[in-house]
Amino acid sequence: MENREGIPCVELRNVIKRFPGVTAVDHVSFKVEQGKIFSLLGPSGCGKTTTLRLVAGFETLDEGDVLIDNKVVNDIPAHKRNCSTVFQTLALFPHMTVEENIAYGLERRKFPKDEIKNRVGEALELMQLSGMGKRRPSQLSGGQRQRVALARSLVLRPRILLLDEPLASLDRKLRKEMQTEVRRIQQEVGITFLYVTHDQKEALNISDTIAVMAKGRLEQVGTPNEIYETPRTMFIADFMGATNIFLGKAIASGGREVQLESEDGLRVIALENKNIIRSREIVGISVHPERVDVLAENTDLEADNKFRGKIAEMSYQGDFTEMKICVDQVGRVITAHVSNEPDQKARFSLGERVLVCWGRHSSSILVG
Amino acid sequence: MAGLRQRVARLLMKQAHLPYVGPVALWTFLFVIAPLGIILYFSLLSVGPLGQIVPSLTLRNYLGLFEGAYAVILLRSLAFAFGTNVICLLIGFPLAYWIARCGGRWKTTLIFLVIIPSWTCYLIRLYALKTIIGHTGLINSILLSSNLISSPIDILYTPFAVMLGIVYSWLPFMVLPIYAAVESLDATLLEASEDLGATPFQRLITVTLPLTKGGIFAGTIFVFIIALGEWLVPLLLGGAKVMMAGNLVEHYFIRVGNIPAGSAIAATITAIALLVVYLGIKLGGQEVLERVT
Amino acid sequence: MNVSSMTNKILPTLSTLVYIFLWAPAIILVIFSFSNNRFGIKWEGFTLQWYFDVANTPAVRDALIKSLIIASVTVIVATIAGAVIAYGLYKYRFRGRGLLRSAILLPMVMPSVVTGGALLIFFTRALHIPLGYLSVIIAHITFSIPLAMFVILGRMQRIDWSLEEASMDLGADILTTLRKITVPLLLPALIASAALIFPWSFDDFIITYFVAGVGTTTLPIYIFSQLRFGATPVINTIGTIFIVLPIVGLLLMHFLQKKK
C-alpha cells in the first residue's frame, strides 16, 4: 500500500457541486499528500462537509474529478472506494457492543474469524480501550465513543480516513486531549486523514496542511504556520483571529517592502513573502493582536508601525489581557493581546495613553 | 368532624393523584376488568337442559374446545391470525420503509393516505370489498367481459376472501408502528453501515431490522390479536363456510344463549392474546410496550 | 437517499399497488352510489335518486338520530374523562400507575367480539340493566376513554407546564388554575381527541351490536340489517356518506390548523 513519491493520495480537480439555489462546492481543487493530516477549515455552510462527502462518495459531483491514488472515482459508489468515514454524530450502532461495532466492516468484507478477532484486539489496544470490548456505546464516555468510532474505521486499513468534525460534541478540555490523541493515532497508523472542522485552533493544532474554505470556494491552502502568520485574504485573516485589518491601497513598494495607506489615513508597512500571488491586487494588511506591543506613551523606540492612542477597553482573559486602543485622530481601534506573565514590566489602566507598535514581519498582506 | 376533615386533607395531599385518577380507575375496573372476570366465571359453569345456568364449576366448556368442529375453528383462527400477520408484515414493512425513507416532503401525506381508510366505518369497507369480489362484482365483471374466464370465479365465501378481508382491514395498523420506528431511525447509522461496506441487503439485516424491531413487534401483536378474534370478516366474506372463533362467540352469546360455552371461547381468545403480548414484549423488548401504547 | 436501483423501482410500484388495494373498494362504492342501477355495479347513468330515497326513509332518520345522540354523549364524557386521567397519569407517580394505564388501554388491544361479549354478559347477568341507550353509551365511553387518554397524553409532552406553577405562584388556587390555565392549554388536545372519538363512536358496529339489544338501532346496525337483503343502493349511499364525511372533516381540520 505504499504510495509513490509525489502522487497525492486524494486530489480534487475543479470540482463543482450544486444544490437547489446554492453552489456548495465551487471550482475546488487541492491535493492531499499521502500520510498527512489535511484539514478543511471554514465556517458552517462553507462547503467543507460537502467536499468531504464528495470524496467519500455520499454525494455525486456535477463537474470536475475526484481522484484517489491517481484514479478517477467519480462513479464509484461509497462502499467501493477505499476510504472510511468518521461521522460527526459518530454513528455507533447502539444495538451492538464495542467489539461488534469495530468488527462490523471486517465482517462485511468476509474476513476470517480469527483475523477479525486479532484486528479488533489490536484496535482496542491502540485506542486504549482494552477491556471495554463487551460494553455498549451508551455505557461509554464521550471520549471513549470517539475512539471506538475511530477504531471502527481504522481497522479496515483504508487508504484515507475522512473525519467530519468528530470532536464537535466534546467539551473544551476533552477536545484538546482528543486532538492530541488523533495526531498520535495518525502518526502510528500512517494513514492519510482528511479532517473537517470549523475550529481554527483545532485545525492549527492537528493539521499538516490546512485548506480554508468560504462560500464553497477554496481561499488558501498552506501549513498552519502559513495560514496563521500570512493569511492571504481578509476573510482568512479575520477567521484566524488577525482582527486588526487595515484596508486600503498600496502606495509604495520598494524591494520586498509594501507600504499601505489605509482608508482612514494610516500608513502601515508589511513585508512580502512567497505566498503572495503577484497577479492579485493588494487590498489590505492585517496583524494578529498578540503581535501588537503596548508600551508607555513616551517610550523612545523605532518601529515600522507605530501609533499613539488611548486604552478604550480592557478585558482580562486569563493568560492575556485584551486591550482596545483608540488611535489618535482617526478613531480606529487596534486590538492588542498583552501577556499577563508575572514579570511584565508595565501595567496599564483604562483610559491611559499608550503607544502601540509592531514590526513589518508581523504584518500580513491581504489580496483581493 | 374536624379530625375527619383533617384526615381527608392529609390523604389528599399525600395521594394528590386520587381525584384525577380515581373516577376513571373505578370506571375501568367496573366496565373493563369486571366484565372479563365475569366471563371467566361463566366459562366455568354449564348450561342445564332448559337453558338455565347450572351453578357448579366445571371445565367441560374448555375441554369441549379441543374436540371436533370447535378445535377446527380454533385452529383455523390461529392459522388465519398467523397467516394474515405474515402477509401484513411482507406488505407493510416495505411500504412503511419506503414512506419513511423515500417520502421526503410527502411523508406525512403518504402515511395519512394509508391510515385514512381505517377511519371510515369498518362495516362499510367490508361491504365495499364484498361487492367487488362477488360473482356480479367488479373483478368478475372485468374478467368476464375481457373473456379471460368463461364463468365467474369464486372469490367470495372462500378462506382466501377472509384472509383478504383481514389484511384489507388491518394492514394500516401494521404499517403505522413500523413507520414510526423507521422514521425515528438515525439516518447516519445507515450511512455508516454503507460506509463500512455493507450492501443494502446486509444493511437491512444488521442495522435496520434490529433497530426497528420494536415497531415490528408492536404491529405484529396488534394484527395477530385482532385477527384471532375476528367475527365480521368471516361473517360477511366467508359466509357459513369459514367460521372463526369470533363467530362461535357471537353464536353462543346471541343466537343460542349458551353463555358458559361462549365465555369459554372468549376466555381462550383472551388468554392467547395475553400470551402473544407477553411473548412480544419478551422478544421485542420493552420498547414494544411503548409503541403499542 | 442511497437506495439501490432495484428497490428504487420495486418499492414505489409495490406501494402504489397497496394504495390502490386500500382505496379501491371505497372509491368504487362512492362512484356507484351515483349509478342509475338498482342492483350490482354496472354503470348506467348518473343519478342522485338514491340519496333522495335515503333522506326520505324514516328508519334511516331514526337510526341517524340515535347514532348522533350516542356519539355526542360519548364524546363529551370520554373527552373529559380522558383528559382527567391523562392529567393524573402524566403529573403523578404512584403505585400501580403502569398497571392502570395498561388496564385502561386493554379494550383497544382486545378483539371487539371479546370485549363486546363481556360487556353484554356483564350488563345482563351481573348488573341486570336493560339493554338500550344506556348500555351502548357506557360501552362506547369505555372504548373512547383510552383513545382520548392516548391522544391527550401524547400532546402533554409539548405543553409548557411551568405556566401552571406561575399561576399558583401568583396566588391562584388549584381550581382557578385548572380552569383558567390548564384547560385552555389542553384545548387543542381535547379537540383532537373529540375529533377522533366522534367518528369512532358513530361508525362503531361490533360492540354496539352486542350491547344494543332490540330497539336501539344505530346507523351501522341499520346498515347491517339491510345487508341481509343483499346489496342495495341505499347501503351504497349511506356508505358513501360514511366514507366521504370523515375525509372532508379531516381536510377541513387540516386546513384550519394550517391557517393558525
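Quantities reported herein were computed from a predicted structural model and do not represent experimental measurements.

Would you mind going over the overall build of chain C in detail, with residue names and values included?
Looking only at helices and strands, chain C has 11 helices and zero strands in total. Beginning at the N terminus, the succession of helices and strands in chain C can be written as α-α-α-α-α-α-α-α-α-α-α. Summarising its shape, the C-alpha atoms of chain C cover approximately 70 × 65 × 35 Å along the three principal directions. For chain C, the proportion of its 260 residues judged to be buried stands at 38%. The contacts of chain C with a sequence gap of at least 6 include a subset with a gap of at least 24, amounting to 76%.

Residue-level account of the overall build of chain B, with values.
Looking only at helices and strands, chain B has 14 helices and two strands in total. Radius of gyration (C-alpha) of chain B: 24 Å, far over the 19 Å computed for a compact globule of 293 residues. Reported as C-alpha extents along the three principal axes, the dimensions of chain B are approximately 75 × 55 × 30 Å.

Residue-level account of the sheet that holds strand 10 (residues 217-222) of chain A, with values.
Residue and element names in this part refer to chain A. Strands sit in the order 6-7-8-3-9-10 across an open sheet of six strands; the sheet is mixed. The sheet is open, and its two edges are formed by strand 6 (83-86) and strand 10, each paired on a single side. Neighbouring strand axes in the sheet, compared pairwise and without regard to direction, differ in orientation by 20° on average. In this structure, strand 3 (residues 37-41) lies alongside strand 9 (residues 209-214), joined through four bridges in parallel fashion. Bridging across to strand 9, Ser-39 finds its partner in Ile-210. Packing of helix 4 (residues 142-154) onto the sheet brings it into contact with strand 6 and strand 7 (160-164), and relative to strand 6 it is tilted by some 170°.

Give a detailed account of the interface of chain B and chain C, specifying residues and quantitative values.
Contact with chain B, which involves 66 residues of that partner, is made by 65 residues of chain C. Going through the elements one at a time, helix 2 (18-43), helix 4 (68-102), helix 5 (107-115), helix 6 (122-133), helix 10 (200-228), helix 12 (245-256) and helix 13 (259-284) of chain B are the ones with two or more residues in the side of chain B that touches chain C. When its residues are assigned to classes, the side of chain B that touches chain C shows 49 nonpolar, 12 polar and five charged.

If you had to explain the arrangement of the chains to someone new, which residues and values would you point to?
Contacts are most numerous between chains B and C, considering all two pairs of chains that are in contact. As for chain C relative to chain A, no contact occurs, and the smallest C-alpha gap between them is 8 Å.

Tell me about the environment of A:Phe30, and name the residues and values.
Residues and elements named next belong to chain A. Note that Phe-30 resides in strand 2 (residues 22-32). Exposure remark for Phe-30: the 18 C-beta atoms within 10 Å place this residue in the partly exposed category. The spatial distance from the C-alpha of Phe-30 to the C-alpha of Glu-177 is 29 Å, given a sequence separation of 147 residues. Phe-30 has contacts with Leu-12, Ala-211, Leu-218 and Val-221, leaving out every residue within four places of it along the chain.

Please give an account of the interface of chain B and chain A that cites residues and values.
Counting from both sides, the interface comprises 13 residues of chain B and, opposite them, 15 residues of chain A. Taken together, the elements giving at least two residues each to the side of chain B that touches chain A come down to helix 9 (187-195) and helix 10 of chain B. At six residues, helix 9 of chain B tops the list of elements feeding residues into the side of chain B that touches chain A. When its residues are assigned to classes, the side of chain B that touches chain A shows seven nonpolar, three polar and three charged.

Before we move on, could you go through the confidence of the model for chain B and cite the residues and values that matter?
Averaged over every residue, the pLDDT of chain B is 86; residues scoring 70 or more account for 95%. In the model of chain B, helix 14 (residues 287-292) of chain B stands out as the element of lowest mean pLDDT, 59, in contrast to helix 8 (residues 159-183) of chain B, which has the highest, 93.

Explain the nonpolar core to me, and be specific about the residues and the numbers.
Counting residues in each nonpolar core, the largest one holds 147 residues, and the members touching the most others are B:Ala96, C:Ile85 and C:Ala148. Examining the composition of this core, we find that 16 residues originate from one element, helix 8 of chain B, more than from any other. If we ignore the near neighbours within four places in the chain, the residues touching C:Ala148 are C:Ala78, C:Thr79, C:Ala81, C:Gly82, C:Ala83, C:Ser193 and C:Ile197. Counting residues in each nonpolar core, the second largest holds 101 residues, with A:Val86, A:Leu150, A:Leu218 and A:Val356 among its members.

Kindly report on the sheet that holds strand 1 (residues 10-19) of chain A, identifying the contributing residues and their values.
Adjacent strands of a sheet form backbone hydrogen bonds with each other and so pair up, either parallel or antiparallel. Residues and elements named next belong to chain A. In space, the four strands of this open sheet follow the order 2-1-4-5, with antiparallel pairing throughout. Edge positions in the sheet fall to strand 2 and strand 5 (71-72), since each has one partner strand and no second. Alignment of strand 4 (residues 63-68) against strand 5, held across two bridges, turns out to be antiparallel. When the sheet's bridge partners are listed, Ile-68 is paired in strand 5 with Lys-71.

Analysis parameters
- Residues numbered from 1 in each chain as written.
- Chains lettered and ligands numbered in written order.
- Predicted model: local features only at pLDDT ≥ 70, side-chain atom pairs only at ≥ 80, totals over all residues.
- Helix = DSSP H or I, 4+ residues; strand = E, 2+ residues; numbered from the N terminus.
- Buried ≥ 20, exposed ≤ 12 C-beta atoms within 10 Å, placed from the backbone.
- Contact = placed C-beta atoms within 7 Å.
- Rg over C-alpha atoms; globule rule 2.2 N^0.38 Å.
- Pairing = 2+ DSSP bridges.
- Axes fitted to C-alpha atoms, helices over the stretch in contact; angles between N-to-C directions.
- Nonpolar A, V, L, I, M, F, W, Y, C, P; charged D, E, K, R; others polar.
- pLDDT = per-residue confidence, 0-100.
- Core = buried A, V, L, I, M, F, W, Y, C linked by C-beta atoms within 7 Å.

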